[in-house]
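# Fold and contact review
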Amino acid sequence: MGLFSKKTFRFPLLGSQQRRTAFICSLLIVGSMSFVSTLRQWDEAVACVEQRDPDSALRIFLNIEEKNSKIAFNIGCLYLNNSELDEAEKAFDGSIGKDEHLAVAFFQRGVTFYKKEKFEESLLDFQQAFKQLRGNQLIDYKPLGLRYKLYACEVLHNIGLVQAQLGKWEGAQENLLTALNLRADAKFSHIDHALDAILKQKLFPLIEIRAGLLFKPNKHYVAELEKRDYLGKAKVVSSIVPSDEFSGFAPLQPQVDNVPSTPKVPEVLRVFEGEPHTVLYEFFPETKEELAVLPGNIVFVLQKGADNWASVVFNEKRGLVPYNFLEPLDIVTMTSKPVQIEPVNINDEIPAPPRRAPPSRPVGTEGLKTVNAETSNTSEFSGCIVKVHFQFTIAISIALGQPYGVILQMISSKLKLPASTLILRYAKEGSHERVIIEDSEMKAVWNSVKDGRLTLWCSVTEDKRVPHEKMVALYSYDSTTPEDLVFKQGNIITILSKVNDEWLEGQCNGKIGIFPSTFVKALNGDQ
């Protein structure tokens with residue numbers, strides 16, 4: 001008998017219902033293959049962009065047969081970066097046609113129309129992008145594969161710019177004021193510059209998506225493109241060789257009895273850089289060099305300074321933490337010797353936590369600071385931590401009993417907002433009512449401090465007027481634009497508001513307008 005036996009298989013003829021089922025299965029297989037091909041080309045094109053080869057990426061994108069809205073958006077972005085505006089417009093049309101709710105596609109087509117100087121069409125697209133935000137401050141496209149956040153304030157910024165191009169200065173100013181109220185972070189300072197430019201009837205730069213940002217395919221789908229061995233490794237069921245686990249193709253090897261087994265090399269824990277310490281107390285950073293830690297965290301101390309501050313690594317971040325907040329931690333590494341575990345006596349008392357005072361804050365702003373040894377043993381801090389709830393929460397450290405003006409100035413500096421626009425409130429003791437803080441309320445404010453902590457609430461008012469402030473004109477000023485205020489040397493001007501550091505708004509001789517702040521000086525006493 002040969003090594004292999006020949007067998008014949010016979011299959012029954014397929015009926016009409018079975019043929020229909022087979023046809024549907026074949027369509028599903030063809031559709032799946034098309035999706036895999038699209039996914040593979042999409043991933044290849046994105047890799048070309050990351051390797052700074054946009055021409056190859058564009059060629060691959062164009063060769064994809066079934067382009068979804070994201071792929072069409074990517075094609076439009078590549079054309080827009082190459083200043084091929086007509087092709088970019090067609091690509092964004094295709095993206096919006098496949099997904100009419102894709103706000104970022106409306107935004108990019110608005111940028112394209114603006115560069116083609118089609119300002120009416122650009123305005124409509126930016127307004128449609130703002131509509132698709134549906135009242136939200138932003139849309140984060142990261143879950144969809146695009147590492148970009150479309151902010152409502154930036155869309156309004158571009159709407160204001162297009163309206164300025166069309167000569168609609170009042171509408172542009174209104175949209176920029178709305179953008180100023182919607183901005184979620186102080187990093188959007190360009191909105192302030194845009195508003196200043198509008199007041200002077202000047203244009204300002206357009207906000208665009210950074211070149212190279214594209215929709216990427218789902219990483220889980222891309223991982224499935226790799227070849228997989230679904231059969232797995234063969235398993236030896238029977239062998240003439242004792243303890244034979246070899247399942248490949250090789251001749252039998254001579255067997256030797258009583259061969260000593262090779263001892264397994266013990267595993268050793270990877271030693272991290274620095275000495276391990278555990279965190280005893282919660283620490284809030286107040287400078288960019290410091291690091292936030294919580295009780296129970298394990299950090300690795302790289303260096304300990306003479307000022308009792310330590311440079312540590314935690315969660316792949318490096319920063320400063322008070323060494324008094326840390327306690328050395330012993331990590332047992334695995335060696336060839338068995339680890340001896342000492343029995344735990346349940347009658348042992350739990351030691352009390354250490355009562356060490358935290359060190360003084362390091363001097364300077366760069367690197368690890370060192371000071372004299374005398375300053376390391378500082379007394380306990382007698383001030384309090386003030387937590388301020390704004391659009392985001394901040395914390396400042398201040399000595400007890402400070403006047404209202406000092407607190408307001410510190411919060412103004414931290415938020416990078418004018419102090420005249422801020423209103424502070426505190427929770428009155430014994431009630432949930434939030435009372436506006438004034439100089440007369442400071443005694444009650446400091447009495448509400450508990451455990452060295454105070455909570456305040458901060459809001460911004462649009463009223464920037466300086467009440468009853470009057471100035472005298474040093475020089476005569478003639479109007480150069482309709483919003484300017486005309487006055488003569490020696491006239492008394494009532495200040496209504498401060499536009500910026502260079503311009504003021506005032507009233508003189510029954511007229512209201514803006515004028516340079518260098519043309520006037522403060523008047524001692526009201527006249």
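Given the structure is predicted, the values throughout are model-derived calculations rather than measurements.

## Re the overall build of the protein chain
In terms of helices and strands, the protein chain carries twelve helices and 17 strands. Burial status across the protein chain gives 34% buried among its 527 residues. A separation threshold of at least 6 residues defines the contact pool for the protein chain, and within that pool the share at least 24 residues apart is 53%. Within the structure as shown, the protein chain displays about 35,600 Å² of accessible surface, and the carbon and sulfur contribution to it stands at 53%.

## Some thoughts on the nonpolar core
Judged by nonpolar contacts, the single largest core of 64 residues is most densely connected at Phe61, Val104 and Phe107. Here the element with the most residues in this core is helix 7 (residues 152-165); it accounts for eight residues. With near-sequence residues (within four places) excluded, Val104 lies in contact with Phe73, Tyr141, Leu146, Tyr148, Leu150, Ile209 and Phe215. Counting residues in hydrophobic clusters, the runner-up holds 25 residues, among them Cys384, Val386, Ile398 and Val449.

## Concerning the sheet that holds strand 3 (residues 275-279)
Spatially, 6-5-4-3-7 is the arrangement adopted by the five strands of the open sheet, whose pairing is antiparallel. With partners counted over all chains shown, the strands left at the sheet margins are strand 6 (317-322) and strand 7 (326-328), one partner each. Across this sheet, the average inter-strand angle for adjacent strands is 45 degrees, counted without regard to direction. When strand 3 meets strand 7, the two strands line up antiparallel, connected through three bridges. Bridging across to strand 7, Thr278 finds its partner in Glu327.

## What about the pattern of salt bridges?
A complete count under the given rule lists six salt bridges for this structure. Glu50 is the salt-bridge partner of Lys216, the closest N and O atoms lying 2.9 Å from each other. Here Glu50 lies in helix 1 (residues 16-50) and Lys216 lies in the loop between helix 9 (190-199) and helix 10 (219-223), a separation of 166 residues in the sequence. Glu50 gets classed as exposed once you look at its relative accessible area, which sits at 52%. A salt bridge links Lys116 to Glu89, with the nearest nitrogen and oxygen atoms 2.6 Å apart. On the criterion of sequence distance, the pair formed by Lys116 in the loop between helix 5 (103-115) and helix 6 (119-132) and Glu89 in helix 4 (residues 85-98) is long-range, its members being 27 residues apart.

## A few points about helix 9
Looking only at helix 9, the buried set comprises Ile191, Ala194, Leu195, Ala197 and Ile198. The arc that holds the buried residues of helix 9, viewed along the axis, is 160 degrees, so those residues lie on one side. Looking at the buried residues of helix 9, the elements they touch are helix 7 and helix 8 (169-182). Gln201 lies just past helix 9 and shows a positive phi near 55 degrees.

## Here we look at the packing of aromatic side chains
If you walk through the whole model with that rule in mind, you get 13 aromatic pairs. An angle of 75 degrees between the planes, with centres 5.3 Å apart, marks the rings of Tyr477 and Phe519 as edge-to-face. Taken as a pair, Tyr477 in the loop between strand 13 (470-473) and strand 14 (492-498) and Phe519 in the loop between strand 16 (511-516) and strand 17 (520-522) lie far apart in primary sequence, 42 residues in all. Here the aromatic cluster, defined as three or more aromatic residues joined through ring pairs, consists of Tyr475, Tyr477, Phe487, Phe515 and Phe519.

## Quick word on the environment of Lys387
Checked against the element boundaries, Lys387 lands in strand 8 (residues 384-389). Looking at Lys387, the relative accessible area reads 40%, which means it is partly exposed. For the pair formed by Lys387 and Thr455, sequence separation is 68 residues and the distance between their alpha carbons is 4.8 Å. In contact with Lys387, not counting residues within four places along its chain, are Thr393, Ile394, Ala395, Leu454, Thr455 and Leu456.

## Observations concerning the environment of Thr287
Relative to the helices and strands, Thr287 resides in the loop between strand 3 and strand 4 (298-304). We classify Thr287 as partly exposed; its relative accessible area is 34%. Separated by 33 residues in sequence, Thr287 and Leu320 have C-alpha atoms that sit 9.5 Å apart.

## Here's the deal with the sheet that holds strand 8
Read across the sheet, five strands follow the order 9-8-12-10-11 without closing on themselves; strand pairing throughout is mixed. Of all the strands in the sheet, just strand 9 (393-398) and strand 11 (434-436) have a single pairing partner and so form its edges. Averaged over all neighbouring strand pairs, the angle between strand axes comes to 35 degrees, with direction disregarded. Looking at chain direction, strand 10 (residues 422-427) and strand 11 are connected through three bridges and run antiparallel. Looking at strand 11, one finds that Arg425 is bridged to Ile436. Contacts from helix 11 (residues 404-415) reach strand 8, strand 9, strand 10 and strand 12 (453-460) within the one sheet, and its direction differs from that of strand 9 by about 135 degrees.

## With respect to the pairing of strand 12
Alignment of strand 8 against strand 12, held across five bridges, turns out to be parallel. Bridging from a neighbouring strand, His389 pairs with Trp457 of strand 12. By the bridge criterion, five bridges tie strand 10 to strand 12 in an arrangement that is antiparallel. When the bridges of strand 12 are listed, Arg425 appears paired with Trp457.

## What to know about the side chain of Asn158
With respect to the helices and strands, Asn158 occurs in helix 7. Dropping the residues within four chain positions of it, Asn158 is found in contact with Phe107, Phe126, Leu206 and Ile207.

## Some points on the confidence of the model for the protein chain
Averaged over every residue, the pLDDT of the protein chain is 77; residues scoring 70 or more account for 73%. Within the model, pLDDT remains below 50 along residues 346-381, and this stretch shows 51 contacts once partners closer than five positions in the same chain are excluded.

## Structural notes on helix 3 (residues 69-81)
The end-to-end C-alpha distance of helix 3, which contains 13 residues, comes to 18 Å, matching closely the 18 Å that a straight helix rising 1.5 Å per residue would cover. Across the 13 residues that make up helix 3, a large majority, eleven, are buried. Along helix 3, the positions that sit buried rather than exposed are Ser69, Ile71, Ala72, Phe73, Asn74, Ile75, Gly76, Cys77, Leu78, Tyr79 and Leu80. Backbone nitrogen of Lys70 and a side-chain oxygen of the N-cap are separated by 3.2 Å at the start of helix 3; the cap is Asn68. Directly beyond the C-terminal end of helix 3, a positive phi value near 65 degrees is found at Ser83.

About the cut-offs
Residues numbered from 1 in each chain as written. Predicted model: local features only at pLDDT ≥ 70, side-chain atom pairs only at ≥ 80, totals over all residues. Heavy atoms only, no water. Helix = DSSP H or I, 4+ residues; strand = E, 2+ residues; numbered from the N terminus. Buried < 20%, exposed > 50% of the residue type's maximum accessible area, 1.4 Å probe, protein only. Contact = heavy atoms within 4.5 Å. Areas by Shrake-Rupley, 256 points an atom, 1.4 Å probe, with all protein chains shown as cover. Core = buried A, V, L, I, M, F, W, Y, C linked by side-chain atoms within 4.5 Å. Pairing = 2+ DSSP bridges. Axes fitted to C-alpha atoms, helices over the stretch in contact; angles between N-to-C directions. Salt bridge = Lys/Arg side-chain N within 4 Å of Asp/Glu carboxyl O. Arc of directions from axis to C-beta. Phe/Tyr/Trp six-rings, centres within 6.5 Å; stacked < 30°, edge-to-face > 60°. pLDDT = per-residue confidence, 0-100. Expected span 1.5 Å × (residues − 1). Polar contact = N/O pair within 3.5 Å; in protein donor to acceptor, adjacent residues only side chain to side chain.

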